[in-house]
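Structural characterization, general
Listed below are the residues making up each chain.
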2 protein chains.
Amino acid sequence: MPKLIECIPNFSVSEQVDPVVFQGLVDTANAVAGCTLLNTHTDGDHNRCVLTVIGSPDAIEEVAFRLCKKATETIDMTKHVGKHPRMGATDVMPFVPMMDVTTEDCVALSKRVAKRIWEELSVPSFLYEDSAVCPQHRNLADCRRGQFEAMPEKLLQPEWAPDFGERKIHPTAGIVAIGARMPLIAYNVNLDTSDVEIAKKIAKAIRGSSGGFRYCKAIGLLLEERNIAQVSMNMVNYEGTPLYYAFEMIRALAERYGVRILSSELVGMTPAKAMIDCAEYYLKLENFNDKDQVLEYHLIGME
Amino acid sequence: MPKLIECIPNFSVSEQVDPVVFQGLVDTANAVAGCTLLNTHTDGDHNRCVLTVIGSPDAIEEVAFRLCKKATETIDMTKHVGKHPRMGATDVMPFVPMMDVTTEDCVALSKRVAKRIWEELSVPSFLYEDSAVCPQHRNLADCRRGQFEAMPEKLLQPEWAPDFGERKIHPTAGIVAIGARMPLIAYNVNLDTSDVEIAKKIAKAIRGSSGGFRYCKAIGLLLEERNIAQVSMNMVNYEGTPLYYAFEMIRALAERYGVRILSSELVGMTPAKAMIDCAEYYLKLENFNDKDQVLEYHLIGME
C-alpha cells in the first residue's frame, strides 16, 4: 500500500476572472512527478479556486510549495475582489492523510511547508486545525476574520502573531493558513417528520459543540421540496466519530418523538474506510483488518 | 475509473517440484504491460500453483493466452504427479470482473481466449461457470472428474465434447476449463451456542442448493477451541446475494432457537464494494453512487 496525502489548496483567483493565472496553477500542479491533480473547482463570484491534488508525501510537499510560489508570483491581493472571505493569494492549504499516513505525518509536513514558504517566499502563515500550535489559530474562520485588508493590524495583536514569519503580511500575497486535518464527510439523515424543531433538537444533542460527538458538526433544517426534516452534518474525523455513531444516536433520539429515520445521504466523496467501518460494526466482524483484506487497497497506485 | 479484470489461472506445476518451469510462468505473467502479478501460491504436495493477475481487459486477455502457451510448452501432464485433481497443464482459468466490467464482458473474453488457445495451441477447453454453454459443464468438479488420465475416454461421451476443440486432449497439456465467475467471499457467522445442530439447520435454510439464497453455499460446523457453532459460507456472487442478506437471515433464524449472533468474519480478501453495499443498507443511504462517491475508486490505477 502506497503512502498517500491529499492537499486541497484554495487560491484567490478564478478561471472566470483570470484564466491565465488559473492555468498557471493547474500547470504547476501537473508538473510534479508522484502526484495527480484529481479535481479543480473554480468560482467566478467568489473569484477563488480549489485544487485537489493527491500523491506521495514527498511529491505533495513539493507541489504545495510550488503552487504557493506560483500564486505568490502571479496573484496581487491588493487588487482581488470576490465574495468569499480570503486573506492571501494562497488562502488556505490543508493536508489530509489518505492512506498509510498519520495525522502526525501531515502535521510535520505542513510545518516544513510553512517554514519553506516563509524562508523562500517571505509569506507568513498561521498553523491551523490539527497543526495549530496556538489554540486560537485552530479555527480557520477565526484566522481569516478581518480578511486581507485588516491583516496588517491584526498581526500586531498579541494572539495573532504568525506561527511562521514576522508580524507583517506579504505585500501582495498576504498570509496563508496551513495545516493538517482529517477528511471531512458531509452526511445527512432524513427524518419521517416535517417538524424541523425535532431535527434541530437532535442536531443540538449530537454535535460536539453542545456536548455531543466530538467530531460532529450538525444543524437541523427543513427540506422544503420534500417537506421533511433533516439533520445535516459535517463529520470532521470519521475515525474518531464514525458515521454509525451519528446514525444510531439519531435513531435513538428520534424514537423519543415517535419519529423514524427515513434515509441518509453522503454528499460528495467519502473515503471507502468510513463505509467499511460501518459494515464492520453492523456485521459484527471480528479480526477484520481492512489494510490486508480489502482488495482495492492492494490496487491503488499499482501501476 | 479504469476497467479491471482479475485472472487466477491454476497450473499443474509447483515451485517445489520444478522451479524452472514455475519461474517461466511468473516471468511470463510479469512480461505483459497493463497487468500486474498480485500474488503467487505454490504447493509442492499438490504440485500445483495459482497466479493472481489483475489488469485491463486487453492485458488480461493477452497474458492469459501467453501463460497457457508457456504452460503448454513446458509442462508434461503424462509425467505429472500431485494430490490435487487436475486435467491439464493449464488446469483452470477463471476471469473475475473487478472494476467497471460486467460478467458478460468476462464471458466474452473467456470465449476469445478459449478459441485462441484451441486455434494456436491445439488445447481444447470446457467453458465453465458463467461462461458455460452446456449446463453440464458449469461445475468445475464435474468437468474435472476422471482427471487427465481418464479424459481421452470422457471426451467421447455425448455430454463431454469440449466447447472449443475436437474430442481429444492435447497429448501433453490435456484440457483446460475456462470461464467467468464472480469473486468468491469466504464469510462466517459465529453463534452464541455450542449446539452445532442449530448451525447446520441454519446453513441448510440459507444455502441456495436447498432453497435459500441463490449465491450462498453454507455448512454448519463447531469451532472446537471456542466451543461455538458457526455458519461457514462461500458467497459466490456478492452482488446477487449481498453479505447482509446472509447476516440478517441468520439473525432471524437463530432467534427461533433463542440464539444470538456473536460475531462474523471475512476470511481472506474481499472487494470493498461488498462492504460498502452493507454500509449502504444499514445506513439507509439514498442516491448513493459508489463509482462517483468513493474516493479510493478514483485512485486505483492513477499512476
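These notes cover the structure that comes with them. (Residues numbered from 1 in each chain as written. Chains lettered and ligands numbered in written order. Predicted model: local features only at pLDDT ≥ 70, side-chain atom pairs only at ≥ 80, totals over all residues. Heavy atoms only, no water.)

For the rest of this paragraph, the subject is the overall build of chain A. When its secondary structure is counted, chain A shows 9 helices and 11 strands. Burial statistics for chain A: of 303 residues in total, 53% are counted as buried. Contacts spanning at least 24 positions in sequence make up 69% of the contacts within chain A whose residues lie at least 6 apart. The positive charge centre, built from 32 side chains, and the negative charge centre, built from 41, are 5 Å apart in chain A. (Helix = DSSP H or I, 4+ residues; strand = E, 2+ residues; numbered from the N terminus. Buried < 20%, exposed > 50% of the residue type's maximum accessible area, 1.4 Å probe, protein only. Contact = heavy atoms within 4.5 Å. Lys, Arg positive; Asp, Glu negative; His and termini not counted. Charge placed at Lys NZ, Arg CZ, Asp CG, Glu CD.)

Residues and elements named next belong to chain B. Read from one edge of the open sheet, 4 strands run S9-S10-S8-S11, paired in antiparallel fashion. The open sheet is flanked by strand S9 (216-223) and strand S11 (261-267), the only strands paired with a single partner. Adjacent strand axes in the sheet meet at a mean angle of 20 degrees when their direction is disregarded. Across 8 bridges, the pairing between S9 and strand S10 (residues 228-235) is antiparallel. If you follow Leu222 over to S10, its bridge partner there is Ala229. (Pairing = 2+ DSSP bridges. Axes fitted to C-alpha atoms, helices over the stretch in contact; angles between N-to-C directions.)

Now for the pairing of strand S10 (residues 228-235) of chain A. Sheet faces and side chains relate simply in a regular strand, where the side chains alternate between the two faces. Residue and element names in this part refer to chain A. Among the 8 residues of S10, 7 are classified as buried, and the element is accordingly described as predominantly covered. Where strand S8 (residues 185-191) meets S10, 6 bridges bridge the pair, whose relative direction is antiparallel. The residue of S10 that forms the bridge with Ile185 is Met235.

Time to look at the relation of the copies chain A and chain B. Taken as rigid bodies, chain A and chain B are interconverted by a rotation of 180 degrees and an axial shift of 0.0 Å, the fit giving an RMSD of 0.2 Å. In short, the pair behaves as if placed about a two-fold rotation axis. Looking at chain A, 98% of its interface residues are interface residues in chain B too, so the copies touch through the same face. (Least-squares fit on C-alpha atoms with pLDDT ≥ 70 in both.)

Residues and elements named next belong to chain B. Interhelical geometry of helix H7 (residues 243-256) versus helix H8 (residues 272-282) gives an angle of 55 degrees and a closest axis separation of 8 Å. The angle between the axes of H7 and H8 places the two elements in the oblique class. Contacts between H7 and H8 involve Leu243, Tyr244, Phe247 and Glu248 from the first element and Ala274, Asp277, Cys278, Tyr281 and Tyr282 from the second. Its residues placed into classes, the contact of H7 with H8 shows 7 nonpolar, no polar and 2 charged. (Parallel < 35°, antiparallel > 145°, perpendicular 65-115°, else oblique. Nonpolar A, V, L, I, M, F, W, Y, C, P; charged D, E, K, R; others polar.)

Residue and element names in this part refer to chain A. What the 4 strands build is an open sheet, ordered S9-S10-S8-S11; its pairing is antiparallel. One side of each edge strand has no neighbouring strand; the edge strands of this open sheet are strand S9 (216-223) and strand S11 (261-267). When the angles between neighbouring strand axes are averaged without regard to direction, this sheet yields 20 degrees. Lying on the sheet, helix H6 (residues 196-206) is in contact with S8, S9 and S10; it crosses S9 at an angle near 175 degrees.

All right, on to the nonpolar core then. Most often, soluble globular proteins keep nonpolar side chains buried together rather than apart. Counting 88 residues, the largest nonpolar core has A:Tyr187, A:Leu191, A:Met233, B:Tyr187, B:Leu191 and B:Met233 as the members making the most contacts within it. Apart from residues no more than four positions distant in its own chain, B:Tyr187 is found in contact with A:Leu283, A:Leu285, B:Val231, B:Ser232, B:Met233, B:Met235, B:Leu243, B:Phe247, B:Ser264, B:Glu265 and B:Leu266. Ranked by size, the runner-up nonpolar core spans 56 residues in total, among them A:Leu51, A:Cys68, A:Val113 and A:Leu127. (Core = buried A, V, L, I, M, F, W, Y, C linked by side-chain atoms within 4.5 Å.)

Taken as a whole and judged by the stated rule, the model has 34 salt bridges over all chains. Residue A:Glu149 is joined to A:Arg86 by a salt bridge in which the shortest nitrogen-to-oxygen separation is 2.9 Å. Residue A:Glu149 is located in helix H5 (residues 147-154), and its partner A:Arg86 is located in the loop between helix H2 (57-74) and strand S5 (90-99); the two are separated by 63 residues in the primary sequence. The partner of B:Arg144 in a salt bridge is B:Asp91, with the nearest N and O atoms 2.6 Å apart. Placement of B:Arg144 in helix H4 (residues 140-144) and of B:Asp91 in strand S5 (residues 90-99) is noted, with a sequence separation of 53 residues between them. (Salt bridge = Lys/Arg side-chain N within 4 Å of Asp/Glu carboxyl O.)

All names here are of chain B. Running from N to C, helix H1 (residues 19-29) and helix H2 (residues 57-74) point in directions that differ by 160 degrees, and their axes come no closer than 9 Å. As the angle between them shows, H1 and H2 are arranged roughly antiparallel. The two elements H1 and H2 cross, and the hand of that crossing is right-handed. Across the interface between the two elements, Val21, Gly24, Leu25, Thr28 and Ala29 from H1 touch Val63, Arg66, Leu67, Lys70, Ala71 and Thr74 from H2. Of the residues contributing to the contact of H1 with H2, the split by class is 6 nonpolar, 3 polar and 2 charged. (Left-handed = near helix turned anticlockwise from the far one by under 90°.)

Keep in mind these numbers describe shape, not what the thing actually does.
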